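A structural walkthrough
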Amino acid sequence: MLTGHAAATNAGPAIALSFLIAGVACALAALCYAEFASTVPVAGSVYTLSARASASSSWR
C-alpha cells in the first residue's frame, strides 16, 4: 500500500481524473465488443467472434 499512499499524497486530483479516463475507455471497449458480437449470426464465445472478425469473407 506504499504506492497508494505515495500517489494520494503526491498526485492530488489527477488520480480521480485517471480513473475517470480509464472508466470511459472501458465503456468504449465494451461498446465495441457488443457491436462486433452483434454481427455474429450464432450465439458463441470470444473464439467465434474472433474467427468471424479475422476471416469475415469466408462466412458469407
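Description of the structure in this document. (Residues numbered from 1 in each chain as written. Predicted model: local features only at pLDDT ≥ 70, side-chain atom pairs only at ≥ 80, totals over all residues. Heavy atoms only, no water.)

Further remarks concern the overall build of the protein. The helix and strand tally for the protein stands at three helices and zero strands. Counting helices and strands in the order they occur from the N terminus, the protein gives α-α-α. For the protein, with 60 residues in total, the buried portion stands at 7%. Working note: accessible area of the protein is about 4900 Å², and carbon and sulfur atoms make up 71% of it. (Helix = DSSP H or I, 4+ residues; strand = E, 2+ residues; numbered from the N terminus. Buried < 20%, exposed > 50% of the residue type's maximum accessible area, 1.4 Å probe, protein only. Areas by Shrake-Rupley, 256 points an atom, 1.4 Å probe, with all protein chains shown as cover.)

To continue, consider helix α1 (residues 2–10). For α1, a buried count of zero out of nine residues is recorded, marking the element as mostly open to its surroundings. Just downstream of α1, G12 is the residue with a positive phi angle, here 75 degrees.

A contiguous nonpolar surface patch, about 610 Å² in accessible area, is contributed by L17, L20, I21, V24, L28 and L31. In this structure, L17 sits in helix α2 (residues 14–38). (Patch = residues over 30% accessible without salt bridge, like charges linked within 9 Å, V, L, I, M, F, W, Y side chains within 5 Å. Salt bridge = Lys/Arg side-chain N within 4 Å of Asp/Glu carboxyl O.)

Its location among the elements puts T48 in helix α3 (residues 46–54). Note on T48: relative accessible area 17%, which makes it buried. In the structure, T48 is positioned eleven residues away from A37 in sequence and 9.0 Å away in space, judged by C-alpha atoms.

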